[in-house]
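# Structural features, examined
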Amino acid sequence: MKAQDTTLSNEEIRLVGAAAIEKTVYKKQTLLQAGEVCRYKVFIVKGLLRTYRIGADGSEHVVQFSPELTWTTDGESYANRTPSSYSIDALEDSQILMWGRDRFDALLDQIPALKNFSDRLIFRNLNASRNRIYKAISSTPTEKYEDFVKTYPGLLLHIPLRMVASYLGVSLKTLNRIRHSQLQHEVK
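Residues numbered from 1 in each chain as written. Predicted model: local features only at pLDDT ≥ 70, side-chain atom pairs only at ≥ 80, totals over all residues. Heavy atoms only, no water.

With that settled, the discussion passes to the overall build of the chain. Counting its secondary structure elements, the chain contains 7 helices and 6 strands. Along the chain direction, N to C, the helices and strands of the chain fall in the order α-β-β-β-β-β-α-β-α-α-α-α-α. A compact globule built from 188 residues should have a C-alpha radius of gyration of about 16 Å, and the chain, at 18 Å, falls within 12% of that. Taken over the C-alpha atoms alone, the chain extends approximately 55 × 35 × 30 Å along its principal axes. When each of the 188 residues of the chain is scored for burial, the buried share is 35%. A fraction of 68% describes how many contacts in the chain between residues 6 or more apart in sequence connect residues 24 or more apart. With 26 positive and 21 negative side-chain charges, the chain shows a separation of 4 Å between the mean positions of the two kinds. (Helix = DSSP H or I, 4+ residues; strand = E, 2+ residues; numbered from the N terminus. Rg over C-alpha atoms; globule rule 2.2 N^0.38 Å. Buried < 20%, exposed > 50% of the residue type's maximum accessible area, 1.4 Å probe, protein only. Contact = heavy atoms within 4.5 Å. Lys, Arg positive; Asp, Glu negative; His and termini not counted. Charge placed at Lys NZ, Arg CZ, Asp CG, Glu CD.)

Right under this line is the structure:
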């Protein structure tokens, strides 16, 4: 939290941490299954999670990667206590901290600066989502790939290319063509 530009004191951060459930999630383990109610806000201490949805045709659509030192949840399901349309699972063994809604709400009441911190995270994620939507409808596949590499440096080493293609909304064949073309430019 200190690294994320917060005004929370060390004691307040300690209280927030003490209220968390610590958990190890193993590769391919599901944290949230579509159809379940999302009951936790999750902070990834170490590892990598992804949020995805299965289309009517059975295809997988990755909407978010959550690397170390980031937060994830299905905000709508969490806030409204309704079934989620999304699944969240681990792409590698991960250490996470989780807060249930009642516990987190109590922390928000107890620590006013946490509300400000939480609101900033929500607005930052909303802005990132809007920017991603804009890029998805206005960028070429190559531009989408370059933005992914810039946004998630080093993540390509940890994620199967089929998931990157899904996240970018391009076919695996198109992604391989882009990567091959860029390698050709780097060799020249």
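Resuming the write-up.
Attention now moves to the side chain of K144. Examined against the element boundaries, K144 turns out to sit in helix α5 (residues 141–151). Buried and unpaired, K144 has no salt bridge, with E143 as the nearest side chain of opposite charge at 8.7 Å. (Salt bridge = Lys/Arg side-chain N within 4 Å of Asp/Glu carboxyl O.)

Positionally, T174 belongs in helix α7 (residues 172–187). There is a polar contact of 2.9 Å between the side chain of T174 and the side chain of S171. (Polar contact = N/O pair within 3.5 Å; in protein donor to acceptor, adjacent residues only side chain to side chain.)

What follows covers the environment of R81. Along the polypeptide, R81 turns up in the loop between α2 (75–80) and β6 (87–100). Here the alpha-carbon distance between R81 and R130, two residues 49 residues apart in the chain, equals 24 Å. Discounting chain neighbours no more than four positions away, the residues touching R81 are V37, E76, R101 and D102.

The next thing to look at is the packing of aromatic side chains. Under the criterion given, the structure shown has 10 aromatic pairs. Seen in terms of ring centroids, F65 and F148 are 6.0 Å apart; in terms of plane orientation they differ by 70°. Their pairing is edge-to-face. Of this pair, F65 sits in strand β4 (residues 60–67) while F148 sits in helix α5, and the two are 83 residues apart along the sequence. Given a relative accessible area of 2%, F65 falls into the buried group. The exposure class assigned to F148 is buried, which follows from its relative accessible area of 2%. Centroid distance W99 to F104: 6.3 Å. Interplanar angle 70°. Geometry classified as edge-to-face. Connected via pairs of aromatic rings, a cluster forms that spans F43, W71, W99, F104 and F117. Directly above the ring of Y52 sits R50, whose terminal nitrogen or CZ lies 3.9 Å from the centroid. Lying across the ring of Y86, R53 places its NZ or CZ 5.4 Å from the centre. (Phe/Tyr/Trp six-rings, centres within 6.5 Å; stacked < 30°, edge-to-face > 60°. Lys NZ or Arg CZ within 6 Å of the ring centre and 35° of its normal.)

Read these as geometric descriptors, not functional statements.
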